[in-house]
Amino acid sequence: SEWRRAEGVAQQSVGMASRASDAEETPPLRLRVLNAFSAQLVCELDVQATARVHDAKVSIARVSGMPAHEFRLLVCDDDDRRLEDFQRWCNIFPKLDLMAGSEGSLKEVLLVRVDPCWAREMDNLRCGRAALKSSPDRLRCDREAVLCAVSFDGLALEDAATELRGDPEVVIAAVHRIGDALQFA
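Let us look at the overall build of the protein. Looking only at helices and strands, the protein has eight helices and seven strands in total. Looking at the 185 residues of the protein, the share that counts as buried comes to 39%. Long-range contacts, defined here as pairs at least 24 residues apart, represent 55% of the contacts in the protein between residues at least 6 apart.

Here is the structure:
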């Protein structure tokens, strides 16, 4: 990754093309990351359209000093949506005119910090250090917690709250991990 400082704002290139010809074909997307509560600029990043949100979060973590699992990124557009780590920028902003201009397109995203204890619980579920079966009811009813758990072990769907066992996204995530999880939907 290439870092540079401009007017006191940390900037980085994320997932940039290694060949000059690739860079000419797809100019980077410029992300302006703002603190959601104070509207202060956290950093600016250049990302390739095919890079994942997680790659940008790692770079933001380096600049902000906040662990990547302790914040979420949001896009304020017609849908006001939370970005998932696995998403690619070209899918988040499908109407980007990446061929227009050498500077690429500028998009603003908001950074929201989450409770560090809650973030640690999600991380533990995501990595298998905690099981949904032995988690408190508040986590078994929490959609994000259940998604974290089934992304590690699809069979954890059995331990999710009844309403989440019928949630299409949760079921797909569980079945993607292990087909046998479908019996718990």
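This part covers the nonpolar core. By size, the foremost hydrophobic cluster in this structure holds 22 residues, and its most contacted members are Leu31, Ile60, Phe71, Leu73, Leu83, Trp89 and Val109. Put simply, the parts of the chain that give this core at least two residues each are β3 (29-35), β4 (41-47), α2 (53-64), β5 (71-75), α3 (89-92) and β7 (106-113). Counting residues per element, this core draws most heavily on α2, at four residues. The residues touching tryptophan 89, leaving out its near neighbours within four places in the chain, are Leu29, Leu31, Val47, Gln48, Ala49, Ala51, Arg52, Val53, Ala56, Leu83 and Val109. By size, the runner-up hydrophobic cluster in this structure holds 21 residues, among which are Leu125, Ala156, Val171 and Ala174.

Before going further, it helps to examine the packing of aromatic side chains. All told, the structure shown has one aromatic pair when counted by the stated rule. When the ring of tryptophan 89 is compared with that of phenylalanine 93, the centres are 6.2 Å apart and the planes differ by 10 degrees; the resulting orientation is stacked. For the pair tryptophan 89 and phenylalanine 93, one class covers both residues: buried. The residue whose ring lies beneath lysine 57 is phenylalanine 71, and the NZ or CZ to ring-centre distance is 5.3 Å.

On average, the protein scores 84 in pLDDT, and the residues at 70 or more come to 80%. Here residues 1-9 is modelled with pLDDT under 50, and outside its nearest four sequence neighbours on either side it reaches 23 contacts, counting other chains as well. Predicted confidence is poor over residues 16-24, with pLDDT under 50, and the contacts of this stretch with residues over four places away or in other chains come to seven contacts.

When you line up the elements, aspartate 46 lands in strand β4. Looking at aspartate 46, its side chain comes within polar contact range of the side chain of arginine 30, at 2.5 Å.

With five of its seven residues buried, β4 lies for the most part within the structure. The pairing of β3 with β4 spans six bridges and is classified as antiparallel. Along β4, the bridge assignment pairs leucine 31 with leucine 45. Counting the residues in the hairpin turn of β3 and β4 gives five residues, including alanine 39, whose phi is positive at 65 degrees.

Moving on: the side chain of glutamate 44. In this fold, glutamate 44 is placed in strand β4. Glutamate 44 sits in the buried class, given a relative accessible area of 11%. A distance of 2.9 Å separates polar atoms of two side chains, one belonging to glutamate 44 and the other to arginine 30. Side-chain polar atoms of glutamate 44 contact the side chain of arginine 32, separated by 3.1 Å.

This part covers the environment of glutamine 48. Following the sequence through the fold, glutamine 48 ends up in the loop between β4 and α2. We classify glutamine 48 as buried; its relative accessible area is 7%. In this structure, the C-alpha to C-alpha distance between glutamine 48 and leucine 29, residues 19 residues apart in sequence, is 6.0 Å.

The rules we used
Residues numbered from 1 in each chain as written. Predicted model: local features only at pLDDT ≥ 70, side-chain atom pairs only at ≥ 80, totals over all residues. Heavy atoms only, no water. Helix = DSSP H or I, 4+ residues; strand = E, 2+ residues; numbered from the N terminus. Buried < 20%, exposed > 50% of the residue type's maximum accessible area, 1.4 Å probe, protein only. Contact = heavy atoms within 4.5 Å. Core = buried A, V, L, I, M, F, W, Y, C linked by side-chain atoms within 4.5 Å. Phe/Tyr/Trp six-rings, centres within 6.5 Å; stacked < 30°, edge-to-face > 60°. Lys NZ or Arg CZ within 6 Å of the ring centre and 35° of its normal. pLDDT = per-residue confidence, 0-100. Polar contact = N/O pair within 3.5 Å; in protein donor to acceptor, adjacent residues only side chain to side chain. Pairing = 2+ DSSP bridges.

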